[in-house]
Number of protein chains: 2
Amino acid sequence: MSNIRAVADLAGVSVATVSRTLQQPDLVSPKTRAKVTSAIKQLDYKPNLMAVKFRSGKTYNIVVLVPTVANVFFARVIRGMQEAAAAEGYALLLVNTMGDDDTEQKYAKMVHTSQADGVVQLRAFNPFDEAPSDNDDLLPMVNACEVLDAPNCPTVSLDNRRAATAMTEHLIELGHSRIAMFKGPKASPLTRERMLGFKDALQVAGLAYCEELMFAGDFTLHSGYEAADRLIAQNLPVTAVFCENDEMALGAICRFKEAGLRVPEDISVSGFDNIAFANYSDPPLTTIAQPAEEFGETAINLLIDVLKGKSKRAMKVILPFDLVARKSTGPAPKTPVNFTQ
Amino acid sequence: MSNIRAVADLAGVSVATVSRTLQQPDLVSPKTRAKVTSAIKQLDYKPNLMAVKFRSGKTYNIVVLVPTVANVFFARVIRGMQEAAAAEGYALLLVNTMGDDDTEQKYAKMVHTSQADGVVQLRAFNPFDEAPSDNDDLLPMVNACEVLDAPNCPTVSLDNRRAATAMTEHLIELGHSRIAMFKGPKASPLTRERMLGFKDALQVAGLAYCEELMFAGDFTLHSGYEAADRLIAQNLPVTAVFCENDEMALGAICRFKEAGLRVPEDISVSGFDNIAFANYSDPPLTTIAQPAEEFGETAINLLIDVLKGKSKRAMKVILPFDLVARKSTGPAPKTPVNFTQ
DNA sequence: GTGAAAGCGCTAACAG
DNA sequence: CTGTTAGCGCTTTCAC
């Protein structure tokens, strides 16, 4: 692999001139420029960007901490990040953290060791052990999707509370009053906010909130299936289920149908995220659409602003949601189904 | 950010000693080692890995060209790669290529510019424009999942032809003789191989191959839906559909049900990949399971072998498949349904 | 067991 | 407009 010196020698100029020809061609006379360009071609010279980065102290790498790349929603977010990053010359170091704190810490440290310039965290967990000081030395990080209260960290989020309220209102308008909720992981702020939004709507409608109608899950198809299983076993009088994401909703529908229930005639099911499958399930899923790609794009742009010192660290972006009413929700039956029939 | 010089000064030793303390502690006297270690702690010194990489000429980065990260199957492959790479100290530069040749070329060039050591390509397309020479200077690349005939490139693949034969035999055993196929993109070798396997099985069973029963698709839910739509419109006598991936199968099932058809009583549908959703659809999908994570893991390990000069470039790994029979395929009806009824 | 010094490939003063 | 040179942070001979 030829280096800048080889080009300089072949062109009969100094390395500085070669560098300039590449960086600021205007400062080089056309004649010299031609010689250099020709030498570069001849040697098929490519600048060693490793050296460039080393020297500049910038890596043009961004670490992205993703709980699971296997999640369809995150896949869309990643696509958005990818495009925004590429546009600015950054590469993404994607890390599938599996929600593991140690993994996150480990990879976030790539910033400390000058392997990356900043971090985008898609989960609400601060990957740095340092106590949040008012010190300006905080690592450049942006938090997206699942958002954290950290005051020093720009965030991109959805108004999860209001979105959950909207979905709950949709169910209430359909006549549902006994609504179960299939929740995400306890530690997730998403879960907390969506539950608050759920409660808001109940309260406005004058409906009681029942703790026993809350079912734990973890955003996987399987956990939705299992929660439905528990709901059926307990045989509680319920006419609708608000699932905190689409995968759980799809898993739940699967279980309900196995039990001989019709969706939505016997029980309505709603999701959250609007993944591609939501439109092809039977029945198609009523859900909340999130601008996933925009999450990614915004997160990267925010981070780049931070890296350039352009942005205040307190920037909070809230993206809009959209309730997509499909066929999985319908009018409440007169009386709740008896699951054990 | 403190550097090795600062540590050396504080410890009252030379930079060489600091470096040795980190790299080959045995060569340093315990007393000095203690001084250095203490200085490192005191300054919270982290070696600048950018500099290390620059000097060593190794980046410990691997570029991964993924057609779409949004594809559930690839998401699993990525997880496998991630783990194997981390184990060897490599980071993954994930690129969502959208199947675009230019994007692939551009990112593959990161190897040329010393930003990455090698490439894993998940699509059967050679990202380097250079004519394949017998020159040893070929870029370190491994091809996985969709495999290429390139002689100089290690590959990890499934025996797609045999898998397709197995699936077709399964359908034939159920009494189906008029089987449609929903294909992937024309350019994909997967499509070609799976079609060959399909034909193999037909031939062995003495069944005719009908060109008009082949429907084009592109592996998305939507394309499966559309292919089913065309099949219905043409009203061909068909009792089963072999889809080349699960997403198309799920899209097709959606369309068939809209048309009032029962799966599998009126028409059987099979997929390929065994994504998570395949087990939660209605009906659960009969499909071919691929060891996705193992694809990723193997690809990375193969690449690392190449990078270390350990491996011959001709290495071809073939991973096993597994036919998972669920409820979307069943006995053929006596007479094919009339779609226009 | 330790230090001095060269050098990886490049860019940016600074001179000329 | 072009060349000389220092130096980014680190590892690695080669002396001592």
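Conventions adopted
Residues numbered from 1 in each chain as written. Chains lettered and ligands numbered in written order. Predicted model: local features only at pLDDT ≥ 70, side-chain atom pairs only at ≥ 80, totals over all residues. Heavy atoms only, no water. Buried < 20%, exposed > 50% of the residue type's maximum accessible area, 1.4 Å probe, protein only. Helix = DSSP H or I, 4+ residues; strand = E, 2+ residues; numbered from the N terminus. Pairing = 2+ DSSP bridges. Near = heavy atom within 4 Å. Polar contact = N/O pair within 3.5 Å; in protein donor to acceptor, adjacent residues only side chain to side chain. Nonpolar A, V, L, I, M, F, W, Y, C, P; charged D, E, K, R; others polar. pLDDT = per-residue confidence, 0-100. Contact = heavy atoms within 4.5 Å. Axes fitted to C-alpha atoms, helices over the stretch in contact; angles between N-to-C directions. UniProt positions renumbered as here; feature names shortened; annotations may be inferred. Right-handed = clockwise from strand over helix to strand, strands pointing away.

**Considering the pairing of strand β11 (residues 316–319) of chain B**
All names here are of chain B. Side chains V317 and L319 project from β11 onto a buried face, and the interleaved K316 and I318 project onto a face without burial. Relative to β11, strand β5 (residues 155–158) runs parallel, the two being bridged by four bridges. For V156, the partnering residue across the bridge sits in β11 and is V317.

**Some thoughts on the protein's contact with DNA strand D**
Around DNA strand D, 24 residues are found, and the nearest of them are T17 and T32 of chain A together with I4, Y45 and R55 of chain B. Each atom of DNA strand D within 4 Å of the protein was assigned to sugar, phosphate or base; sugar and phosphate come to 60%. One nitrogen or oxygen atom from the side chain of R20 of chain A is found 2.8 Å from a base nitrogen belonging to DNA strand D. Between DNA strand D and S29 of chain A, the relevant distance is 2.8 Å, taken from a phosphate oxygen to a side-chain nitrogen or oxygen of the residue. Taken together, the elements giving at least two residues each to the surface near DNA strand D come down to α2 (15–23) and α4 (49–56) of chain A together with α2 (15–23) and α4 (49–56) of chain B. The biggest single contributor to the surface near DNA strand D is α4 of chain B, with four residues. Of the residues in the surface near DNA strand D, the class split is 12 nonpolar, nine polar and three charged.

**A few points about the confidence of the model for chain A**
On average, residues of chain A carry a pLDDT of 90, and 95% of them reach 70 or more. The low-confidence segment residues 130–136 of chain A, where pLDDT is below 50, has five contacts with residues more than four positions distant or belonging to other chains.

**Comments concerning the protein's contact with DNA strand C**
Neighbouring residues of DNA strand C: 25 residues in total, closest I4, Y45 and R55 of chain A together with T17 and T32 of chain B. Taking all atoms of DNA strand C within 4 Å of the protein, the share assigned to sugar and phosphate is 61%. Here a phosphate oxygen of DNA strand C sits 2.4 Å away from a polar atom, N or O, in the main chain of I4 of chain A. In the environment of DNA strand C, a phosphate oxygen lies 2.6 Å from a nitrogen or oxygen atom belonging to the side chain of T17 of chain B. Sorting the residues of the surface near DNA strand C by element identifies α2 and α4 of chain A together with α2 and α4 of chain B as the ones contributing at least two each. Residues of the surface near DNA strand C, tallied by class, amount to 12 nonpolar, nine polar and four charged.

**Focus: the side chain of N245 of chain A**
Residues and elements named next belong to chain A. Within the secondary structure, N245 sits in the loop between β8 (240–243) and α10 (246–258). A polar contact is formed between the side chain of N245 and the backbone oxygen of F219, at a distance of 3.0 Å. Residue contacts for N245: discarding those within four places in its chain leaves F219, G271, F272 and D273.

**Some details on the sheet that holds strand β8 (residues 240–243) of chain B**
Residues and elements named next belong to chain B. Spatially, β7-β6-β8-β9 is the arrangement adopted by the four strands of the open sheet, whose pairing is parallel. Of all the strands in the sheet, the pair left with one neighbour each is β7 (214–215) and β9 (268–270). Relative to β9, β8 runs parallel, the two being bridged by three bridges. Note on β9: the bridge partner recorded for F242 is S270. Relative to β8, helix α7 (residues 160–173) is tilted by about 165°, and along the sheet it contacts β6 (179–182), β8 and β9.

**Digging into the UniProt feature "domain: HTH lacI-type" (unreviewed entry) in chain A**
With numbering aligned to this structure, UniProt lists the feature "domain: HTH lacI-type" (unreviewed entry) at residues 2–56 of chain A. Between the C-alpha atoms that bound residues 2–56 of chain A the distance is 21 Å, and the span itself is 71% helix and 0% strand.

**Focus on the sheet that holds β8 of chain A**
All names here are of chain A. What the four strands build is an open sheet, ordered β7-β6-β8-β9; its pairing is parallel. Two strands in the sheet have a free side with no partner beyond their single neighbour: β7 (214–215) and β9 (268–270). Pairing geometry for strand β6 (residues 179–182) and β8, over four bridges, is parallel. Opposite M181, over in β8, you have F242 as the bridge partner. Relative to the sheet, helix α7 (residues 160–173) contacts β6, β8 and β9, its axis offset from that of β8 by approximately 165°.

**A closer look at the pairing of strand β2 (residues 91–96) of chain A**
Residues and elements named next belong to chain A. Among the six residues of β2, six are classified as buried, and the element is accordingly described as predominantly covered. Neither face of β2 is open: one carries A91, L93 and V95, the other L92, L94 and N96, and all of them are buried. Direction of pairing for strand β1 (residues 61–66) relative to β2: parallel, over a ladder of six bridges. Bridging across to β2, I62 finds its partner in L92. Where the polypeptide runs from β1 across helix α5 (residues 72–87) and back to β2, its parallel neighbour, the crossover connection is right-handed.

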